[in-house]
Structure formats: C-alpha cells, structure tokens
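A closer look at the structure
Next come the chains, spelled out residue by residue.
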Amino acid sequence: MQLMSLPQRQLHCGRFQLDLSQPQIMGILNVTPDSFSDGGQHLHKEQAIQHALQMIEQGASLIDIGGESTRPNASVVSVEEEMRRVIPVVEALAQYDVIMSIDTSQPQVMRAAVVAGAHIWNDVRALTRPQALETAAALNIPVVLMHMRGEPSTMNQLDQYTDVTADVMTELQQRLDQAIAVGVKPDNIIIDPGFGFAKNSSQNFQLLNEFWKLNQLGYPILSGLSRKRFIGDALNGVAAQERGVGSAVGHLLSIQQGASIVRAHDIKATDDAIKMWKMMNAH
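These remarks concern the structure in this document.

Rules used in this analysis
All residue numbers here refer to positions counted from 1 along the written sequence of the relevant chain. This being a predicted model, a pLDDT of at least 70 is required before a residue's local features are given, and a value of 80 or more before pairs of side-chain atoms are given or counted; all residues contribute to the totals for chains, interfaces and linings. With hydrogens and water excluded, all non-hydrogen atoms of the structure serve as input to the side-chain values. Going along the chain from the N terminus, every DSSP run of H or I of four or more residues is numbered as a helix, and every run of E of two or more is numbered as a strand. To sort residues, take the accessible area from a 1.4 Å probe on protein chains only and compare it with the maximum for the residue type: under 20% means buried, over 50% means exposed, and anything in between is partly exposed. Counted as salt bridges are all cases of a side-chain nitrogen of Lys or Arg within 4 Å of a carboxyl oxygen of Asp or Glu. Two strands form a pair only when DSSP identifies at least two bridges running between them. Buried Ala, Val, Leu, Ile, Met, Phe, Trp, Tyr and Cys residues form a nonpolar core when they are joined through side-chain atoms within 4.5 Å. Only heavy atoms matter for contacts: two residues are in contact if any of them lie within 4.5 Å across the pair. Residue count minus one, scaled by 1.5 Å, sets the expected span of a helix. We call two N or O atoms a polar contact when they sit within 3.5 Å, provided that within protein one can donate a hydrogen and the other can accept it, with sequence-adjacent residues counted only if both atoms are side-chain atoms.

Overview of unusual backbone geometry
Even without glycine at this site, Ala126 takes up a positive phi of about 55°. The phi angle at Asn236 is positive, at roughly 60°, despite the residue not being glycine. Secondary-structure assignment places Asn236 in the loop between helix H7 (229-234) and helix H8 (244-256). For Asn236, a relative accessible area of 77% puts it in the exposed group.

So, in structure tokens, the structure goes:
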C-alpha cells in the first residue's frame, strides 16, 4: 500500500460543487426488493426519503439511488419498473440540497432521472448498454465508470486475471478511451475498480492493497466495497449487516490511497473513520 493525496479539484454537479480534495461519502439507497444486504427496506418512497435524510444527517454528501439489484444472479428488471422505483424518489429528494447519483445502466432511466433532478450517472456496466455512451455525452453530467466483466449473472465465472490490478486498469482504460472518443468530457469521469464484481476474495484484497496504482489513470476514484463478501470473509463469515466496521476500515484504506468518494451503507461508521483520519492529518 502506498499513501496518496486526493486530487485538488471540484466536480460540477448541476448547481452543486463536490470538493474531491476531501473524502466524500456516497450513501447507498437501494429501492429494490432484492439487493444483497438491504433489499426491501426502502422500497416505498416514504421509507426511501426518510433513509436518505438520515444518511445526509450522518455525513453523506451524495445519495446513490438504485432500482436494480446487481448482486450475483439478481433478477432482471425492466426499464419501466426501474423508472417506477427510482424517479419518484429523485423528484422528492430534489427538494433538498443534496447531490444525487443514479445507479443504473439504462440510458432511458438516466435521462428521466436528470429531468427529475439527478446529477451523476453511476454505471456498474461502464456505459456498455446500447446508446449509453452517446447519452452520457449528450447529458454532459459526471459519470462513474466501474470495472466489471460480463453481467451479474455471469461475473463470478469471469475472475481469471494475470494480475488483477493491472488487468482492471487496462480494461478501465479501454472504457475511458471509448467514452472520450464519443464525446464524454474527461472532467466528468470518475473511475471505480469494481470491488466484488468478477473478482474473488483474494483478488479484492490485492486490489485494495494496490488501490493507489489506480491514480496512474489520472481520474478521481470511487471505492465501493461496502459490506461486500470479501469483508465478510475477513470477519469469519459474518452477515452483511455486521460488516459496517470492516467496510469503514476498507474505505479508509481506499481514501489513504487516493479515493475521493466512498460508497457506503454504514454512514456514521464511515464518517467517524474519516473524522479520525482528518484529525490525525491535521497534526
């Protein structure tokens, strides 16, 4: 592991600016019945809004709203159903001063979400769906390109790497080149190495240990390892809901290696860890 400083830059998110020189917490809001650790908990709009406001109060500066589970072997969700889950929540949260990202791979969903008030496209499939690249360029909003192989239904069979960190960087670079070629502005791009997506436990830990190497790509970095199975493996197989402290430690290790944004379920634990890190760096 090598310590890295965060980039001195702002991310333009509509009427908001996100300071990437400071660690930012992206709170996870899954409006799904089947997400791996919180499925069904925030399925109704009122539940979702209440949870989002609680996460903001605890220290989240972004809320990441998702209407499709991407856990292994998750069921496929239609565009219409995804929009039915997501758009009312975006419209309601648009009344508050909060940056919203949308966890979707569907261009139609993202277009509607932007109209409703969303700011960032967080795509686990890195804009590989038809018209996704062109839509991202036309919307001219920040976009998170995450590394994954295959689909959630097939990714666990695609974890063959020569060197996981180097291979992830090579494959991310290919997506970066394609996005920029279509007109996505480099200033709008954030990268995510995709912990848990087409990577086994050992590979995830190698990726975390070598996370600093991702800075070589030259883009702000998001770390999304919250409650993932490899954290459970390190904690003697505890359930997803009991991985909050382990997740906070993993996020802090990511921040020390250059992650500007951490995507978390357990906001208070993550915020407490960041406060400790900031206080240590102030002395």
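On we go from here.
Quick word on the pattern of salt bridges
Under the defined criterion, the tally for this structure stands at 13 salt bridges. Residue Glu151 is joined to Arg125 by a salt bridge in which the shortest nitrogen-to-oxygen separation is 2.9 Å. Remark: Arg125 occurs in the loop between strand S6 (120-123) and helix H4 (132-139) and Glu151 occurs in the loop between strand S7 (143-146) and helix H5 (164-182); sequence separation between them is 26 residues. Across the pair Asp266 and Arg227 runs a salt bridge, and its minimum N-O distance is 3.0 Å. Taken together, the positions of Asp266 in the loop between strand S10 (259-264) and helix H9 (267-281) and Arg227 in the loop between strand S9 (221-223) and H7 put the pair 39 residues apart, joining distant regions of the chain. In this pair, the class of Asp266 matches that of Arg227, namely buried. Several salt bridges converge on common partners, so that one network encompasses Glu68, Arg125, Arg129 and Glu151.

Notes on the pairing of strand S3 (residues 24-30)
With respect to burial, S3 is a largely interior element, 7 of its 7 residues being buried. Residues of S3 alternate between two faces, with Gln24, Met26, Ile28 and Asn30 on one and Ile25, Gly27 and Leu29 on the opposite face, all of them buried. Across 5 bridges, the pairing between S3 and strand S4 (residues 62-66) is parallel. Looking at the pairing, Leu29 lines up with Ile65 of S4.

A few points about the nonpolar core
One finds Leu29, Ile63, Ile65, Leu93, Ile102 and Ile191 to be the most contacted residues of the largest nonpolar core, which totals 69 residues. In terms of residue count, helix H2 (residues 79-93) provides more of this core than any other element does, 7 residues in total. If sequence neighbours within four positions are ignored, Leu93 has contacts with Leu29, Ile49, Ala52, Ile63, Ile65, Val98 and Met100. If you look at the next biggest cluster of nonpolar residues, it comprises 13 residues, including Leu18, Met26, Ile120 and Val144.

A look at H5
The terminal C-alpha atoms of H5 lie 27 Å apart, and with 19 residues this matches the ideal 27 Å at 1.5 Å per residue to within 8%. Taken as a whole, H5 has its buried residues at Val164, Thr165, Asp167, Val168, Met169, Leu172, Arg175, Leu176 and Ala179. Packing partners of the buried residues in H5 comprise H4, S7, strand S8 (189-192) and helix H6 (201-209). The N-capping residue of H5, defined by a side-chain oxygen 3.2 Å from the backbone nitrogen of Thr165, is Asp163. Gly183 sits one or two positions beyond H5 and adopts a positive phi of about 120°.

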